[in-house]
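Coordinate analysis (summary)
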Amino acid sequence: MKVYLDNNRVTPVDPQVLGAMEPLLKEPYGDLHALHWAGAASRKAYNTALEKCYAALHAGEKDTIFFTSGSPESNTTLLMQLYTRQILTGRKNSLIISEREPLSILQAAAWLEEQGVKVHRLPVTEEGIVDPESLTDYLTPRTGLVSICLVDPESGAINPLEEIVRICQSYEVPVHTDATWAVGKVPIDLETLEVDYLSLSGETIHAPTGIGALYARKDTELSPLIFGTRSAPERYRGGPLNLPGIAGLGKALELASDALDFEMEDARELRDALEEGIAALSGTQTLIEWSRRVPNTLLATFEGVESEALLYELNRDGIAAFSTTVHPYGEWVRPSLIERLGLDPALKHSTVGFALSRYNTEEEIDYTLKHLGKALEYLRSFSPVAPKENA
Amino acid sequence: MSKARIKAQGFWEDAPFKIEMLAEKPKNNGRLTEKEAKELQGTLHIHDFGNPEIGMMVRWYWVLDEAGRIVACRYELFGSPVLRAVTDMAALLCRNKSLEEAEKINYKSLEYFLRDHPSNPALPENRRYLILFVLRSIVTAAAAARGESLPDSPVVCECSGTDLATIESAIRDFDLESIEAIGNYTGAGAFCGRCIAPRADSAPREHYLVDILRRIRREMEEERKASGTVIDKPFKEMNPEEKKAAINAVIDEHIRQMLIMDGGDMEILDVKENGEHTDLYIRYLGACSGCASASTGTLFAIEGILKQKLDPNIRVLPL
């Protein structure tokens with residue numbers, strides 16, 4: 001049995017999304033600016049997808065949404081325009097991010113730092129979220145941007161963004177959020193969540209990898225990172241555009257917002273069943289309080305067991321999970337979550353997480369729990385730091 | 001970057017068969033008790049090395065007999081499956097060795113025993129530090145069993161728990177020239193990267209890898225110049241006497257230990273020029289003579305090492 005529980009990295013493509021993309025993949029599709037029937041069909045597909053994106057995010061008529069190759073490109077576009085248009089011109093001089101941002105923001109911020117930009121990294125509290133009050137220590141009228149991800153990709157903690165936005169608005173500083181791990185898991189209504197910029201990506205909402213979007217509220221500044229503009233749809237990102245991807249993203253966003261309530265309730269029930277099962281095992285602990293987490297994610301520590309060893313045992317039984325510390329994935333650039341949460345540093349290498357999607361079933365969760373218990377027992381049978389009752 | 005570098009690095013799926021087998025079904029893991037030690041007429045020594053904070057911890061259980069020989073060897077482990085495979089192989093190698101012999105197990109021999117084929121490295125470059133970790137654990141366990149303690153050395157990299165002495169000796173032993181190579185062999189600097197060079201976003205530290213590397217490379221260069229024994233010309237331009245000396249040096253450094261570990265040895269009979277080739281005539285000694293692998297695997301390994309270290313046109317002919 002194959003169980004896929006790594007849905008915060010990449011999700012399987014939804015059949016309905018595939019259906020929306022199929023006409024563009026199987027038959028010739030024209031360039032957006034072509035003067036023939038194929039071009040007309042492409043323009044129609046593009047407009048339909050764009051409408052769906054606006055509707056799903058509740059974006060205003062005068063706001064901008066443009067398609068990129070994914071949230072890393074959206075984030076980079078935004079930070080580069082901050083540098084070239086606001087910092088190099090001397091209008092602004094600093095950037096505030098959280099220390100657990102996605103890799104694209106952390107690395108872009110490190111690069112900006114090398115160029116002499118002041119970068120403040122907000123630590124996460126013992127609850128695993130950014131404390132909005134800590135923002136006021138760093139906010140000045142010359143802060144160019146505050147960028148805090150809506151949901152932490154590893155722990156699933158939801159940052160209190162509405163409060164962050166409120167504080168930033170009083171200082172007139174624009175706010176950006178990377179909502180890649182939040183779309184389809186928490187309701188995103190841009191009428192009430194007044195962020196100025198928002199990035200999202202297809203691979204976490206059952207659309208294919210390689211498509212994403214950047215939202216910008218009206219009257220905010222934007223400039224392209226990738227040139228090659230021919231018309232308004234390509235104003236902020238040179239074309240030709242990834243039309244099959246855009247059609248897929250539009251459909252996926254529509255599904256994500258329409259089905260949010262009941263599908264996430266299903267995922268939440270399964271996640272809670274998994275969480276209960278894990279809590280029943282000895283020497284385990286779930287990180288981040290239940291109410292502060294997205295409904296599909298669960299990050300736990302397993303005392304006396306190394307993350308990679310546990311992932312290896314799970315993988316042998318066909319279960320795909322993730323960990324925050326396994327080496328070559330680059331998670332090391334972030335400070336350890338375990339230390340921030342005030343837990344025993346010996347647990348640093350003992351985290352394994354599970355991210356569910358609407359495709360997981362009860363049967364899969366039972367199977368996972370059964371094999372998880374077996375793997376823990378086996379690994380603890382020769383672990384020098386196994387919890388007492390096993391020793 | 002080359003194609004080989006850009007290719008997606010395999011993880012567990014590309015591990016050699018031997019490592020996969022040992023990770024899946026380790027044979028020497030578990031505990032030994034005082035009772036079992038008594039039955040074996042030996043004393044039990046338990047030694048911890050590493051800690052869970054760096055993601056690697058091994059607890060050795062050794063039963064030593066009166067002559068100080070390791071008659072039984074088991075381990076408990078907190079670490080990745082690949083580390084499990086390496087530790088399991090090390091436990092196998094430690095058995096029936098005296099403490100001194102166990103200490104002498106070196107990187108090459110342990111790594112060689114993990115290979116599927118003599119010419120394919122057992123571990124990907126960025127995981128070589130696991131072998132050094134296990135070797136360090138054996139050395140400290142042996143010292144502890146004798147009641148000695150190793151000199152203290154400051155920790156340079158907290159993420160991997162690597163101390164200064166380990167980094168210094170790794171640079172010398174493996175002739176490391178880059179920070180990346182240090183990370184591959186010792187794990188230092190391969191994680192959060194704060195110990196590599198001073199950074200704006202972290203507090204100043206006592207030791208940085210760039211400084212250590214520069215200092216040791218300078219010392220090595222000076223020693224090399226001072227010794228004066230190094231022949232500084234390409235292998236092709238050497239005269240037969242110099243060629244013989246160069247081949248001898250490579251065999252002593254890279255090959256002989258490997259053979260001695262198996263109770264064998266070899267000697268060089270002659271080195272002859274044969275057109276563009278250099279023919280090396282050798283004789284196997286001890287267990288190697290008559291070994292089935294002497295004309296296949298072992299021979300390819302010897303030839304491969306000489307070809308890589310000296311000249312691609314060397315041929316090895318056993319008599």
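Residues numbered from 1 in each chain as written. Chains lettered and ligands numbered in written order. Predicted model: local features only at pLDDT ≥ 70, side-chain atom pairs only at ≥ 80, totals over all residues.

Counting secondary structure elements, chain A contains eleven helices and twelve strands. For chain A, the C-alpha radius of gyration of 22 Å lies close to 21 Å, the compact-globule estimate for 391 residues. Expressed along its principal axes, the backbone C-alpha trace of chain A runs to roughly 70 × 50 × 35 Å. Contacts in chain A between residues far apart in sequence, at least 24 positions, make up 73% of those at least 6 positions apart. (Helix = DSSP H or I, 4+ residues; strand = E, 2+ residues; numbered from the N terminus. Rg over C-alpha atoms; globule rule 2.2 N^0.38 Å. Contact = placed C-beta atoms within 7 Å.)

Residues and elements named next belong to chain B. Structurally, Thr 186 is set in helix 9 (residues 179–186). Overall, Thr 186 belongs to the buried group, with 29 C-beta atoms counted inside 10 Å. Sequence spacing of Thr 186 and Ser 160 is 26 residues, and the spatial spacing of their C-alpha atoms is 8.0 Å. (Buried ≥ 20, exposed ≤ 12 C-beta atoms within 10 Å, placed from the backbone.)

Here the focus is the interface of chain A and chain B. Where interface size is given, it is often the accessible area lost as the parts come together that is meant. Facing the 18 residues of chain A at the interface are 20 residues of chain B. Per element, the largest residue contribution to the side of chain A that touches chain B is three residues, and it comes from helix 9 (residues 307–316) of chain A. Taken together, the residues of the side of chain A that touches chain B sort by class into ten nonpolar, four polar and four charged. (Nonpolar A, V, L, I, M, F, W, Y, C, P; charged D, E, K, R; others polar.)

Let us now look at the nonpolar core. A:Val146 and A:Leu310 are the most contacted members of the largest nonpolar core, which totals 101 residues. In terms of residue count, helix 7 (residues 243–258) of chain A provides more of this core than any other element does, eight residues in total. Residues from two domains meet in this core; each of domain 1 (15–258) and domain 2 (260–390) of chain A gives at least three. Here A:Val146 is in contact with A:Ile96, A:Leu135, A:Ile164, A:Cys168, A:Val173 and A:Val175, once residues within four sequence places are set aside. Grouped together as the second largest cluster of nonpolar side chains are 65 residues, B:Leu110, B:Ile138, B:Ala141 and B:Ala190 included. (Core = buried A, V, L, I, M, F, W, Y, C linked by C-beta atoms within 7 Å. Domains from an automatic or database assignment.)

Residue and element names in this part refer to chain B. Per the domain assignment, the segments making up chain B are domain 1 (12–145), domain 2 (155–227) and domain 3 (235–318). Here the C-alpha centroids of domain 1 and domain 3 sit 30 Å apart. Taken together, the six residues of domain 1 in the interface contact eight residues of domain 3. For the side of domain 1 that touches domain 3, a count of residues per class yields two nonpolar, three polar and one charged.

Residue and element names in this part refer to chain B. Read from one edge to the other, the open sheet built from three strands follows the order 1-2-3, with strand pairing classed as antiparallel. Among the strands making up the open sheet, the edge pair consists of strand 1 (43–51) and strand 3 (70–78). Geometrically, the sheet is characterised by an average inter-axis angle of 15 degrees between neighbouring strands, direction not taken into account. Contacts from helix 4 (residues 81–94) reach strand 2 (56–64) and strand 3, with the element oriented near 170 degrees to strand 3. Where helix 7 (residues 129–145) meets the sheet, it contacts strand 1 and strand 2, and its direction lies at approximately 140 degrees from that of strand 1. (Pairing = 2+ DSSP bridges. Axes fitted to C-alpha atoms, helices over the stretch in contact; angles between N-to-C directions.)

A word on the pairing of strand 6 (residues 264–274) of chain B. Residues and elements named next belong to chain B. As paired strands, strand 6 and strand 7 (residues 277–286) are joined by ten bridges and run antiparallel to one another. Bridging across to strand 7, Gly 264 finds its partner in Gly 286. Hairpin connection from strand 6 to strand 7: two residues lie between these consecutive antiparallel strands, with Gly 275 at a positive phi of about 65 degrees.

Residues and elements named next belong to chain A. Here chain A is partitioned into domain 1 (15–258) and domain 2 (260–390). Here domain 1 and domain 2 have C-alpha centroids that lie 29 Å from each other. Counting residues per element, the ones that place at least two in the side of domain 1 that touches domain 2 are helix 4 (103–114) and helix 7. Of the residues contributing to the side of domain 1 that touches domain 2, the split by class is twelve nonpolar, five polar and six charged.

Here we come to the sheet that holds strand 3 (residues 94–98) of chain A. All names here are of chain A. Spatially, the seven strands line up as an open sheet ordered 2-8-7-6-5-3-4, and their pairing is mixed. The sheet is open, and its two edges are formed by strand 2 (64–68) and strand 4 (118–122), each paired on a single side. Taken pair by pair, the neighbouring strands of this sheet meet at an average axis angle of 20 degrees, ignoring direction. Relative to strand 8 (residues 212–216), strand 7 (residues 197–201) is paired through five bridges, and the arrangement is antiparallel.

A separate point is the pairing of strand 3 of chain A. Walk down a regular strand and you will see the side chains alternate between the two sheet faces. Residues and elements named next belong to chain A. With four of five residues buried, strand 3 is to be regarded as a mostly interior element. Relative to strand 4, strand 3 runs parallel, the two sharing five bridges. If you follow Ser 98 over to strand 4, its bridge partner there is Leu 122. In this region the chain leaves strand 3, passes through helix 4 and returns to the parallel neighbour strand 4; the handedness of that crossover is right-handed. Taken together, the four bridges between strand 3 and strand 5 (residues 143–147) define a ladder with parallel strand orientation. The residue bridging Ile 97 from the neighbouring strand is Ser 147, located in strand 5. (Right-handed = clockwise from strand over helix to strand, strands pointing away.)

The next point concerns helix 4 of chain A. All names here are of chain A. When the terminal C-alpha atoms of helix 4 are compared, their 17 Å separation across twelve residues agrees well with the 16 Å that a helix rising 1.5 Å per residue should span. Looking at helix 4, one finds that the buried residues are Ile 105, Leu 106, Ala 108, Ala 109 and Leu 112. In this fold, the buried residues of helix 4 make contact with helix 3 (71–87), strand 3, strand 4, strand 5 and strand 6 (175–178). The first or second residue beyond helix 4 is Gly 116, which carries a positive phi of 100 degrees. (Expected span 1.5 Å × (residues − 1).)

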